[in-house]
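Descriptive structure summary
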Amino acid sequence: MKRKLAILLVGVLALGLLCSALTPPAANAQAVKLKYANFPPAPTFPCVQMERWKTEVEKRTGGKVAVQTFPGGTLLDAKNMLDGVIAGTADIGCTSMAYQPGRFIVTNATALPLGIPSAKVGSRVLWDLYEKYKPQEFADVKVLAMFTTAPNNIMSKVEVKKLEDLKGLDLRASGGAAEVLSAWGANPVGMPMPETVEALQKGVVKGLFSSLEVMKDFKFAETCKHVTMTDTSIYPFTVIMNMKSWEALPADVKKIFDDLRVEQSEWTGAYMDNHVKEAMEWSKTTQQVSVVNLSAAEKSAWNAKLQPLTAKWIAEAKTKGLAGEQIINDIQALIKKYSQ
Ligand code: DTR
């Protein structure tokens, strides 16, 4: 009898051990759970990079961390992202800094028409700029990634071939991109990206100024049949984490997050550049979108209009006690460095 009981006990014990070994790490009850908020819909690039970060973190921490993602503004929307993360509504948040130009002055300098050639280069430039200046607006959060879009181009319902075609044209843009449109004589209408879908449908705007992957991801190619290549400026993004949530992480998890910062930024840039190509192929072949490439003479006229923007930014930065000129010089040097 005693022997039978002992065998039974050993059996139960072995089964228990087997079960715990087979439990997937993500289901670990001890896991640190983090809420990650994002503002645009799930298929768009800010959310694609969010899912990639979640996958890498869960894998690299062996299930010590479980990330719950909230795309589409379901937890926090674009304009409330930084404050919402500081308040702890979400542990992590991703936002486009163009929606709060006055709040992210240094990092938004990358949105000036300085010739960032790709999202991959832009993302490295933005990260290094952040690292050098550590602007005050990030003092209450931990920065997990910084990346940019690919260069902005005009997507419109009407064809834009010359500066006169832009006169008074209502185009959606925010922050630095809106200033670029103003300089060309267009009428920039500011709104977060997710609102653009309805604004286009209702005719509130006749197009937009952004990186071109949105032609596919938001199906803008269905209404905007024309693209004018300007390759002018980019939109900078940031991923931030609540400071208390960050401080509560075990040291080995912190190291994994830290090691991912530049890698994630670069990954996102590369993803964006490839996705733009793919989206434009789709737009041309399935949506009959036509592309205007400006002549050299036209392009130099467009560029001339942008000349005053950087000087104006430097002067304004100085009034806020920022080293405007140095910041611009640094961005230009970084563009050179990462373009090689
Ligand atoms: N238009 C810019 C940047 C941007 C480019 N693609 C997406 C996709 C989803 C959200 C934003 C963006 C902006 O509004 O920030």
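What you see is a predicted model, and the numbers here were worked out from it, not measured in a lab.

1. Re helix α8 (residues 193-202)
- Along α8, the positions that sit buried rather than exposed are M193, T196, A199 and L200. Each buried residue of α8 sits inside an arc of 100° when the element is viewed along its axis, so together they form one side. When the buried face of α8 is taken as reference, the exposed residues oriented beyond 90 degrees from it are Q201 and K202.
- Taken together, the buried residues of α8 touch β6 (170-172), β8 (207-210) and α9 (214-217).

2. Some points on the domain arrangement of the protein chain
- By domain assignment, the protein chain separates into domain 1 (26-148 + 235-276) and domain 2 (153-233 + 281-339).
- Each of domain 1 and domain 2 has a C-alpha centre, and these two points are 24 Å apart.
- Opposite the 33 residues of domain 1 that make contact, domain 2 presents 37 residues.
- Counting the surface lost from both domain 1 and domain 2, the interface buries some 3000 Å², and carbon and sulfur atoms represent 72% of this.
- Looking only at domain 1, the three residues that lose the most surface to domain 2 are P113, L114 and Y235, adding up to 21% of its buried area.
- Inspection of the domain 1/domain 2 interface yields one salt bridge.
- The residue K132 makes a salt bridge to D330 at a minimum N-O spacing of 2.9 Å.
- Our count for the contact surface shared by domain 1 and domain 2 stands at nine residue pairs in polar contact (both at pLDDT 80 or more).
- Elements with a contribution of two residues or more to the side of domain 1 that touches domain 2: α4 (105-108), α5 (119-133) and α11 (251-287).

3. Comments concerning the packing of aromatic side chains
- For the structure shown, the criterion picks out 15 aromatic pairs.
- Between Y36 and W53 the ring centres are 5.8 Å apart and the planes differ by 75°, which places this aromatic pair in the edge-to-face class. Placement of Y36 in strand β1 (residues 32-38) and of W53 in helix α2 (residues 45-60) is noted, with a sequence separation of 17 residues between them.
- Here Y36 falls in the buried class, since its relative accessible area comes to 0%.
- Here the aromatic rings of F45 and F147 are separated by 5.9 Å at their centres, their planes lie at 75°, and the arrangement is edge-to-face. Pair noted here: F45 is in helix α2 and F147 is in strand β4 (residues 141-148), with a separation of 102 residues, a long-range link.

Thresholds, definitions, all that
Residues numbered from 1 in each chain as written. Predicted model: local features only at pLDDT ≥ 70, side-chain atom pairs only at ≥ 80, totals over all residues. Heavy atoms only, no water. Buried < 20%, exposed > 50% of the residue type's maximum accessible area, 1.4 Å probe, protein only. Helix = DSSP H or I, 4+ residues; strand = E, 2+ residues; numbered from the N terminus. Arc of directions from axis to C-beta. Contact = heavy atoms within 4.5 Å. Domains from an automatic or database assignment. Buried area = accessible area lost by both parts, 1.4 Å probe. Salt bridge = Lys/Arg side-chain N within 4 Å of Asp/Glu carboxyl O. Polar contact = N/O pair within 3.5 Å; in protein donor to acceptor, adjacent residues only side chain to side chain. Phe/Tyr/Trp six-rings, centres within 6.5 Å; stacked < 30°, edge-to-face > 60°.

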